Each structure stands twice: as C-alpha cells, then as structure tokens.
Amino acid sequence: MKIYFTIFCLLVSTVILAQKPKNSSVLITGSIIEKGTDLPLEYATVVFLDVNEKIITGGITDTKGYYSIEVPSGNYTVQYEFISYKTVKINNQKLFKNTSLPTITLEINAASLDEVVIRAETTEVQVRLDKKIYNIGKDLTTGGATVSDALNNVPSVTVDVDGTINLRGNENVRILINGKPSAIAGFGSTDALRQLPAESIERVEVITSPSARYDAEGTAGILNIILRKEKTIGLNGSIATNFNYPLGSGVTTNINLRTEKFNLFNTSGFRYSDAPGNAFFDNNYFTRTIIDDETGETILIEPTFNRTTEKRNYDRLRQGFNTNLGIEYFLTEKSSLTATGFLRLGDNETVTTNTTNDFAPANSLQFIRVRTEEEKEDDTSYQFSLNYENNLNDNGEKLTIDLQYENDEETETSFISERNTFPDIVDLSGENIVAIEDGKEYLAQSDYVLPIGENAQFEAGYRGKFEETITDYNLLEEDGITGNFIRNDSISNIFTYNENTNAIYTQYGNKFGKFSFLLGLRLENTQLKGKSTGEDVTTSDDFSINFKNDYTELFPTVNLVYEIGDRENITLGYNRRINRPRSWFINPFPSRSSEANIFQGNPGLNPAFASAFDLGYLKRWKKLTLTSSIYYQYETDAFARVQEDTGQATSNGIPIIRTIPINLSTNQRFGFEAGILYNPTKWLRLNSSFNIFKFETEGFFNDIDYGTENTSWFSRFSAKVTLPSKIEWQTSGMYRGPRNNAQTETKGMFMMNLAFSKDIIKDNATIAFNVRDLLNSRKRQSFTQTDTFTSESEFQWRQRQFTLSFTYRFNQKKERPRGSGNVGSGESEGFDG
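Parameters and conventions
Each chain carries its own residue numbering, running from 1 in the written order of its sequence. Given that this is a predicted model, residues contribute local features only at a pLDDT of at least 70 and side-chain atom pairs are listed and counted only at 80 or more, while totals for whole chains, interfaces and linings are drawn from all residues. Values shown for side chains rest on all heavy atoms present in the structure; no hydrogens or waters enter the calculation. Secondary structure counts use DSSP, requiring at least four H or I residues in a row for a helix and at least two E residues in a row for a strand, with both numbered from the N terminus. Relative accessibility under 20% of the residue-type maximum defines a buried residue, over 50% an exposed one, and the middle range a partly exposed one, all with a 1.4 Å probe and only protein chains included. By definition, residues are in contact when any of their heavy atoms lie within 4.5 Å. Using a 1.4 Å probe, the Shrake-Rupley method yields the accessible areas, and only the shown protein chains count as cover for residues. Whether two strands pair depends on DSSP finding at least two bridges between them. In what follows, salt bridge is the name for a side-chain nitrogen of Lys or Arg lying within 4 Å of a carboxyl oxygen of Asp or Glu. Here the term patch refers to residues with relative accessible area over 30% and no salt bridge, with like charges joined within 9 Å and nonpolar side chains (Val, Leu, Ile, Met, Phe, Trp, Tyr) within 5 Å. Any Phe, Tyr or Trp ring, taking Trp's six-membered ring, that has another such ring centre within 6.5 Å forms a pair; planes under 30 degrees apart are called stacked, those over 60 apart edge-to-face, and the others tilted. By the criterion adopted, a ring carries a charge over it if an Arg CZ or a Lys NZ lies within 6 Å of its centre and within 35 degrees of its normal. Orientation is described by lines fitted to C-alpha atoms, with helices fitted over the stretch in contact, and by angles between N-to-C directions that extend from 0 to 180 degrees. Working definition of a nonpolar core: buried Ala, Val, Leu, Ile, Met, Phe, Trp, Tyr and Cys residues. They are joined through side-chain atoms within 4.5 Å. pLDDT expresses, on a scale from 0 to 100, how confident the predictor is about each individual residue. Here a polar contact means two N or O atoms within 3.5 Å. Within protein one must be a hydrogen donor candidate and the other an acceptor candidate, and residues neighboring in sequence count only if both atoms are side-chain atoms.

**So, the overall build of the protein chain**
Looking only at helices and strands, the protein chain has 4 helices and 50 strands in total. Burial analysis of the protein chain (833 residues in total) assigns 54% to the buried set. Considering only contacts within the protein chain whose residues lie at least 6 apart along the sequence, 68% involve residues at least 24 apart. Here the protein chain has roughly 34,900 Å² of accessible surface; of this, 55% comes from carbon and sulfur atoms.

Here is the structure:
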C-alpha cells in the first residue's frame, strides 16, 4: 500500500493537484530525516487523510528533507512514508492555521527490503499528461551493452540492425539527452549511442504526445534519455567492467561526491570491440527503355549482365572513450548552478571486402571481382553546458536558463582497391576518398513555471538552436595507365549546411476533480540553407544544389487525463509535429557503399508535417500494470527512401542503382499498443508489450507511383527469475513482423537474449554473464522490385555476442531508489495531472 502512496505523490510533485474544498487553505511545513544518521530523506512522501482515511492531498520532501504543502483547513491524519522505511502516522492534527509540524524520523523496515530490490530490478512505468517514463531498472541483458542496446528493451521502441531507432515503427524520432539535443546522442546520427555504456542511463521518457515545452522536431515523437546523477550525500560510485566475444571489452565508472553546497558527478567509459558483420545482395537486371530526345523514338537497352551478386564481410575495430563531468553548486536553498562538460573520442577502422559475381544470360558466370575498402574514422565530440535553476518560492514558481555549445569533428579516409579474379587476374582502378565533417551547434533556452492556485500551472519559454555542418568530400580516382590518382571534380565538393531554429512556447494546465488538461502552443521559425562549392559541382537532376528555405509554423498541443480511480486513468493527446531533413538527406553529392550502389541526398526535400492523436488507458492492480494506446497520425510530405536505375553504368557495364530520399504526398498511420508488467511472486517478474500498426502512403516521383499500404507489428517479452542462492536469470525476446513499402518487402526478424547474475562481496558487487542474439538471428532480409531490376539482400550488423561483466559499488546501495525526481540539468518537469 505504501508504495502506491509514494507513486501517487511522485506523480503530483510538480503541481499539487488534489481537489480543493471551499474552505480556506493553510500552509503546513516540516522535515523528515533518517533514524540513526539524521540525514534528510529526499522525496519522502507526506499524505493528508481525512476521517474516512481518504487521501485529500500530499507532497514530497525536497533535497533537504523539507516539505511545504498547502492543505484545506481541517482535521487530518498525517502519514509519512518512504520506500523501504516504516510508515509513521500522526493522528488528529487540527490544521486551521499555518503550522510547522515536528521533525519526523523514519527507520528502515528490514522486512520490505526484498520488495524494494524487486522494484529496482524491473522496468517501472509512470504515466504523465505528456509522456510515459520507463525506469530501466536492473536489466541483466544490458550489462556491458550500449545505450542503443538498452533502448531496444523499452516498450514502443525498436532498434534496427543498422542502428536506426524507431518509435511505434516510425524512424522519424527525436533523441534528447536530459531534455535537450546533445552531442552525446550525435548530430542527428544514432552511431554515437552505440559507443555509450547502458549503465549511464537513469531512465527513458517515451513522449508520443509531446507538450509545447518540447521541440516540434520528430513526427514519431521524442525519446528523452535521462543520465544518472546520484543524489545521496557523501562519496559514492561504481565501476563496471566487461569482456566480450567476439573480442571486446569495456570499463565504465560512476563517481559522485555530494555535500551541502555542491554535487560533483562523473561518468566515464572506454570501449573496445572487434565486431564482424556481413551482407549479401542478389540483383537481377531487365531490359529498360529510354526515349530519344531528338527523334522521340523508344530505345530498348539490354543489360550487359542480367545478374550480379555481392557478398560483403565487415571487420570493424571500434575504440572509444567518453566522459561526462559536472558540478552542481547550490547558490541558496532554492537556486543552483550546474556546469557540465562531455567528451567523446572515437578511433575506428573498418575493412569491407565485397566479392561480386557477374552473370550473363543463362546464368553463366562471366566475372568475379573483389573490392576492398579500408576505412579509418577519427571522431572527436565535445559539449559544454551551463544550467541555472531558481525555485523562486515555496509554491513551485521556477525559472531555468540553459546555455550549451557542441562541436563534432570527424575525419574519414577510405582507400578502395579492386581487381578481377576470374576469368583473369586484372587490377582495376582504385579510389581514395577523404571526407572531413565539422559540426557546431549553439543552444540557448529559458523556461518559466508559475503555479496558479492549488491545481493550475502556467509555463512559457524560449529555445534557440543554431547549427552548422561543413562536409569536405574529396574523391581521387586512379588513372588506369599512369597509376596516378586524379581528383574527380564533378563529385568532390564542400557542402555547408545551416539550420537555425527559434521557438517560443506557452502552455497552461489545470485540474477539476478527476479531470486534468494541459494546453500549449509553440511557434517555431526555421531557416535551412545549403551551399556547395567546387570546381565542377553540377548535377543532371532537376533540383538545385544550392538552396535556402525559411518557414514559420504553429504547433498546438492538447493533453487530457481523466482519473477513473487512484490506479486507473484515461489519457487523450493531440500534437502537431515537424520532421526536418538532416544534412545527409540534402547533400546532393553521392556517397558509395559499392561502385554500383550509391546514396544521394535531395536538396529539394521539404520538411514533413504531421498531426497525431493518442488515446491511452492505464490500470494498476496489486501485482500487475497494464498500459495501452490507440493512435493515429496524418503526415504530409512524408519522407521515403526509394531506389531507382540512374541510367548510368560502371566501367564494367553494371547499372548504377541510386537510393534517394523523396517527399511523398501523404502518409497515414493507425496503431494499437499494449504493455503488461506482472510480478506474480517475489521470484518471478514478467514484462511484455505488443504493437500493431497500419500505414498508407500516396505519392509520385519521376512519374512512378510509390503509393502503398502495409500492416506490421512487433512484440517483446521478458521473464526474470530468482533461482536458489540468489542467482538471477533473465530471458528476453523480440519479434518484428514483416513489413513493406512501395518497392521493398522486409521479412520478420526474431532476437533472443539470455542473462545470469549473482551478487557477491556482501551485495556490493555483481558478476553477470549474458548472450545477446542467442540464436544469431538478428538479420534484416529484404526484397526490392522495380520495372528494371530486383534486389534481394541480407544484412547483419553484429553477430551473436557473449559478455562477462563485473560491477563493484562503493558507498552505494544496490539500486535502492529514492523516488523519481529530476536527474540531470536541463530536464523539464512534467505537469502530472
């Protein structure tokens, strides 16, 4: 019972949302400390019950253990609670004037410690007006894993084999770190998340109906990753090490020092991995037709080869270091200043061996070629941020200001050599590619929160984000006669991309009885500019390689909650979103994964706009929690990647196939999702989710109809069992159903993880063993069909991996939660409703 009281009060910590009787209110203050240490208990719960034991209102303590709660005047029983501590009640309190109650001392309840551990080791869900919050808990399968791996365990989220993150099957998702865009997550790319340790995550906020407080970017919604920052007084921390097969290792340290005046925190990690991968392509080419520009006659062109197969082997060596160092200084009891610095260093090498077989009609093998690409990538990212927070009074009035600077420098060199090995050994012309990318981003943000009365809250703010990315791409091609490398001036270029966004927002929330609402409006102005420079930067396409776009849009949001009971509610949300094209979607110069397969950006790409509706239901029982949603989204100018025959051929006569992003006319998406958390006993915890969705798209490109419709689904299941000798065993599985677009059908994919762990050294350390992708089945298999070619492919980013990990904690309890308060600077608070 006490746990549910705690959850209730945590959900109403931002604004006290109890019903207000007609009689006057009084202010009740006091403090709570821990018995034996006299340390303040942060986020302890204070509940006021009437003569019928009905909860009238409540609140939680701050970082000093103090509470200040406005209460309708009357007679109450005051109840003090904290997870794993014995509950204290003070009966018959006559509260008819402002009163300071005596300091309350809570002592640990040893009988409840097992229950606390269970709660800490399972993923919990909290539902607020504008988001769902998943506390990752102690997930054994993420030991020694990355943030990208951990996200694959979050309901509603799937991570494709190439690292693409999807929310409800939609990849247009915005990734935030501590409530802000960040170099920690990469500049629009998710590659950086593969280098960060999963141990750095506190929780993940799945925001499918974002309020006006958040960026309008991301038509699928937002994933807000909150990083760990300990709040316990004193010096504490942990160190985690892991060893992998295929060869890999990593070390992650978390250190925190907190005093009355400051909080110093650091998370650092080093990772090394030698991860092999593979891919296979089987392309068939057909007769194509072209129209002669002069005569208007139709000309039939037969392919030189009617079939080509490619077998690729990837040998990836990844070395990375990252550190996040910050200090929070408490200026006064109500204000603080937090400065953080983040650094990520990457030194990666990849050798891709591509073996190509060319077949003539009758499936006769004509040539075998081996193309080897040796790629080196040096990546340096750093970020500095400053956060000022001032709780202007005891009623919740608050001002926050954030400043942030980020820089990402990446140098990628590739040397490509190629030779025929059948029927004769012939060395072909090689290529040398040097790509240097430099990205800078500045962010300024301010938010103001003003409570109005007991239940209402007004909020307003500004965010400015100014980004520039410069890509210097040089292609040198080997002269077949002299052996010299000559610059290709038609492809080599410097592409400068600028994206500047200024936004202001306001929102208002209130509660009337069991009904709560949060209404918001966001105004965003975006300027996109692209400029290409080079000696011969021309293109045969209709779009211009230099562009400048400027648009201003309004983004309304509506979030409603009706509380059927203390453990049951219904939510309804509406929001309008935007999906801006990233720099590589706009860069018109092709990059090549192979000689015959290229990716080319589209400068004519317009932003996509979506209107989304979400109807949710939450029900909690004693041992089971059910969450469910029905959602609908209508998107205009939706992005899609299509493949087409360029009409050009390689020096060996193989048609060049281009992948290019386009704007479709519309995209409609309907879906249903449900999740269950079930803890039937202390030794068994079950977690399952299911999502089914249908989408319909309409649109033409180059006179080809790319309209289609498809129904797909994905599901995951996790079971955690406590074996004798306190050995933990966890098994999780995920299945992603088959799906298709206008050109490509992708088969279903199943993945299973297995893990065991055991606490040792008086529960101060944990040793764990896990296997990710136990069946080695996480492969993307797809089939693409057009009028001029078909392509069947299989891609596996990483093979089955075995990990042995060891974690040691000092002055730190094993995941014993002290509530779910804010973690990390810049994180926005929610209006709980």
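Picking up where we left off.
**A few points about the pairing of strand β16 (residues 234-245)**
Bridge count between β16 and strand β17 (residues 248-258): 11 bridges; the pairing is antiparallel. Counterpart to Thr241 in the pairing with β17 is Val251. Between β16 and the antiparallel strand that follows it, β17, lie 2 residues.

**Description of the pattern of salt bridges**
One pass over the full model with this rule turns up 29 salt bridges. Between Arg371 and Glu431 there is a salt bridge; the shortest N-O distance is 3.6 Å. Here Arg371, found in strand β23 (residues 364-391), pairs with Glu431, found in strand β25 (residues 426-452); they are 60 residues apart in sequence, far enough to count as distant. Since its relative accessible area comes to 9%, Arg371 is described here as buried. On the accessibility criterion, Glu431 (7% relative accessible area) is buried. In this structure, the salt-bridge partner of Lys619 is Glu568, at a minimum N-O distance of 3.6 Å.

**Structural notes on the environment of Phe367**
Within the element layout of this structure, Phe367 appears in strand β23. Phe367 sits 54 residues away from Thr421 along the chain, and the two C-alpha atoms are 7.5 Å apart. Sequence-distant contacts of Phe367, that is, excluding residues within four places in its chain, are made with Phe305, Thr356, Asn357, Asp358, Asn420, Phe422 and Pro423.

**Points about a nonpolar patch on the surface**
On the surface, a cluster of nonpolar side chains totalling about 1,000 Å² of accessible area is made up of Phe512, Phe515, Tyr562, Ile564, Ile570, Leu572, Leu615, Ile630, Phe672, Phe690, Ile692 and Trp713. Of all the secondary structure elements, the ones that give two or more residues to the nonpolar patch are β30 (547-565), β31 (568-579) and β39 (684-698). Inspection of the secondary structure assignment puts Trp713 in strand β42 (residues 708-723). On the basis of relative accessibility, which here comes to 33%, the residue Trp713 falls in the partly exposed class.

**What to know about the packing of aromatic side chains**
Applying the stated criterion across every chain yields a total of 22 aromatic pairs. Seen in terms of ring centroids, Phe690 and Trp713 are 5.8 Å apart; in terms of plane orientation they differ by 40°. Their pairing is tilted. Pair noted here: Phe690 is in strand β39 and Trp713 is in strand β42, with a separation of 23 residues, a long-range link. The class for Phe690 is partly exposed, based on a relative accessible area of 33%. Taken together, the ring pairs connect Tyr382, Phe384, Tyr405 and Tyr442 into an aromatic cluster. Between the NZ or CZ atom of Arg307 and the centre of the ring of Phe359, over which it lies, the distance is 4.9 Å. For the cation-ring pair, Arg316 lies above Trp797, with the distance from its terminal atom to the ring centre recorded as 3.7 Å.

**Observations regarding the sheet that holds strand β2 (residues 45-49)**
The antiparallel open sheet is built from 4 strands, whose spatial order is β3-β2-β5-β6. Every interior strand has two partners, whereas the edge strands, β3 (55-60) and β6 (88-95), have only one. Taking the axes of each pair of neighbouring strands and ignoring which way they run, one obtains an average angle of 25° across the sheet. As defined by bridge partners, strand β5 (residues 74-81) adjoins β6 across 6 bridges and the pair is classed as antiparallel. Residue pairing for β6: Gly74 is matched across the bridge by Leu95.

**Some words on the environment of Val251**
Along the polypeptide, Val251 turns up in strand β17. For Val251, a relative accessible area of 35% translates into the label partly exposed. Each C-alpha atom of the pair Val251 and Ser268 lies 8.1 Å from the other, and the pair is 17 residues apart in sequence. Ignoring any residue separated from it by four or fewer positions in sequence, one finds Val251 in contact with Ile239, Ala240, Thr241, Ser268, Gly269 and Phe270.

**Section: the nonpolar core**
Counting residues in each nonpolar core, the largest one holds 20 residues, and the members touching the most others are Ile28, Ile32, Val46, Phe48, Tyr67, Tyr80 and Leu106. With sequence-adjacent residues up to four places away left out, Ile32 is seen in contact with Leu39, Pro40, Leu41, Ala44, Thr45, Val46, Thr61, Gly65, Tyr67, Tyr80, Ile104 and Leu106.

**Regarding the confidence of the model for the protein chain**
Per-residue confidence for the protein chain gives a mean pLDDT of 82, with 84% of residues at or over 70. Across the protein chain, the element-wise mean pLDDT spans from 35 in helix α2 (residues 113-121) up to 93 in strand β24 (residues 398-422). Low confidence marks residues 1-22, where pLDDT is under 50. Its contacts with residues over four positions away, or in another chain, come to 70 contacts. Scored below 50 in pLDDT, residues 110-123 shows 39 contacts in the model against residues more than four places distant or in partner chains.

**Topic: the environment of Glu333**
Summarising the element assignment, Glu333 is placed in the loop between β21 (307-330) and β22 (335-360). Owing to a relative accessible area of 69%, Glu333 belongs among the exposed residues under this scheme. Sequence separation between Glu333 and Asp62 is 271 residues, and the spatial gap between their C-alpha atoms is 10.0 Å.

**Here we look at the pairing of β23**
Inspection of the sheet shows β22 paired to β23 by 26 bridges, in the antiparallel sense. Residue pairing across strands places Thr340 opposite Ser385, the latter belonging to β23. A loop of 3 residues connects β22 with β23, the two strands running antiparallel in sequence, and Ala362 in this loop sits at a positive phi of about 70°.

**Considerations on the side chain of Glu568**
Mapped onto the fold, Glu568 is located in strand β31. Given a relative accessible area of 17%, Glu568 falls into the buried group. Within polar-contact distance, the side chain of Glu568 engages the side chain of Tyr617 at 2.4 Å. Residues contacting Glu568, with those up to four places away along its chain left out, are Tyr562, Glu563, Tyr617, Leu618 and Lys619.

**A word on the side chain of Ser209**
Its location among the elements puts Ser209 in the loop between β14 (201-207) and β15 (221-227). In this structure Ser209 comes out as buried when scored by relative accessible area, which is 6%. Polar contacts involving the side chain of Ser209 include one to the side chain of Asn575, which spans 3.4 Å.

**Digging into unusual backbone geometry**
Here the amide bond leading from Tyr245 into Pro246 is cis, since omega sits at 0°, within 30 degrees of zero. Note that Pro246 resides in the loop between β16 and β17. With an omega dihedral of 5°, the bond running from Phe422 to Pro423 counts as a cis peptide bond. With respect to the helices and strands, the residue Pro423 is situated in the loop between β24 and β25. In this model, Asp763 sits at a positive phi of 65°, which is unusual for a non-glycine residue.

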